[in-house]
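The primary structure of each chain is shown beneath.
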Amino acid sequence: MTAPKNRPRPRTTYVGSGRTRLSARPQVTPELIASLATRLTERDRWLLEILHEHRVLTTHQIRELAFPSISTTTHRLLALWQLRAVERFRPARATGSAPMHYVLGPSGAAVLAARRGLTVAQFGYRIDTTLAIAHSDKATHLVGCNGLFTALAAHARTHPDTELAAWWSERRCQSAWGKTVRPDGFGRWRQDGRQVDFFVEYDTGTEPLHRLLGKIADYGCLTDLTGISTPVLFALHAQAREEHLHDRITTRTPLIATATPAVLGEEGGPAGKVWRTIGAQSRRRLIDLAGGAQ
């Protein structure tokens, strides 16, 4: 999954009193929507599709997907925000400052709807519903899960022998497998001429372990129903939780692999040797989970 490349475009900055000043944002009118036909790049449209599918991304995650630097990312996102193509918010934190978070904006939704021959209402977009994620307890979970995939995309951008060939959202996964399992995401990773499909379960530590064990049992049922053993990656919030989960897992099908923030932050990220399978002390690369053997 690779973002389209764009030719550099001139950008407008608003300066006053020695400080950058934001211009008033326009109303979303037919004239504004029409103007986007020439003001949006191919990469912009691709990013709007990604935001529609995956709901919310941070500045850093968007840079990982499509831009060469944080500075370039920030400047382009500011332009898209001023055009109402994206909306943004910064969640409150007890300490420090959270990164800016971006969601699909009303003019961006109008563009996506038009590409499908739909009205915005038929497309199913409502700005209040879209921005509700800013106040949802699920925002941290969603951003964390998305971050695992954007890290893979970033790795692929600098390693030509790798590719994030598929990235499905929770919503799309639910449509495909919701009667049996509800993964937080599904992906397909290619490396060195091989590929591995995988499910993702992103854990923030709020669910009791028996809930995680129940999910593993559900994935076993899916394996029995389909005859396909797809590895399930559990991104766990702490090493102690990883140890406790390993101690309580008894099944060998499907393949379960775990990682924690400490190892996911190492060189190679989720593509590297960070995934620990049941009964193992050493860790494997993501591609080495292909075949589904513990």
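Below is a short write-up of the structure. (Residues numbered from 1 in each chain as written. Predicted model: local features only at pLDDT ≥ 70, side-chain atom pairs only at ≥ 80, totals over all residues. Heavy atoms only, no water.)

1. Concerning the overall build of the chain
Regarding its fold elements, the chain presents 12 helices and 11 strands. Counting only residues that meet the buried cut, the chain has 46% of its 294 residues in that class. A sequence separation of at least 24 residues applies to 60% of the contacts in the chain between residues at least 6 apart. Total accessible area on the chain stands at roughly 15000 Å², and carbon and sulfur atoms take up 50% of it. (Helix = DSSP H or I, 4+ residues; strand = E, 2+ residues; numbered from the N terminus. Buried < 20%, exposed > 50% of the residue type's maximum accessible area, 1.4 Å probe, protein only. Contact = heavy atoms within 4.5 Å. Areas by Shrake-Rupley, 256 points an atom, 1.4 Å probe, with all protein chains shown as cover.)

2. Structural notes on the sheet that holds strand β5 (residues 101-104)
The strand order across the open sheet built from three strands is β3-β5-β4, with neighbouring strands paired in antiparallel fashion. Because the sheet does not close on itself, it has two edges, and the strands there are β3 (57-58) and β4 (86-89). (Pairing = 2+ DSSP bridges.)

3. Regarding the pattern of salt bridges
It is possible for side chains bearing opposite charge to pair when their charged atoms get close. Per the counting criterion, the structure on display carries 19 salt bridges. The salt bridge involving Glu163 is made with Arg190; its shortest N-O contact spans 3.4 Å. One end of the pair, Glu163, is in strand β6 (residues 162-168); the other, Arg190, is in strand β7 (residues 185-191), and 27 residues separate them in sequence. Residue classification places Glu163 among the partly exposed positions, given a relative accessible area of 32%. With its nearest N and O atoms 3.3 Å apart, the salt bridge here joins Arg211 to Glu207. (Salt bridge = Lys/Arg side-chain N within 4 Å of Asp/Glu carboxyl O.)

4. Re the packing of helix α3 (residues 59-66) against helix α4 (residues 70-82)
In the contact formed by α3 and α4, the axes pass within 9 Å of each other and the chain directions differ by 105°. The orientation of α3 with respect to α4, classified from their angle, is roughly perpendicular. Two secondary-structure elements touch here, α3 through Thr59, His60, Ile62 and Arg63 and α4 through Ile70, Thr73, Thr74 and Leu77. Split by residue class, the contact of α3 with α4 holds three nonpolar, four polar and one charged. (Axes fitted to C-alpha atoms, helices over the stretch in contact; angles between N-to-C directions. Parallel < 35°, antiparallel > 145°, perpendicular 65-115°, else oblique. Nonpolar A, V, L, I, M, F, W, Y, C, P; charged D, E, K, R; others polar.)

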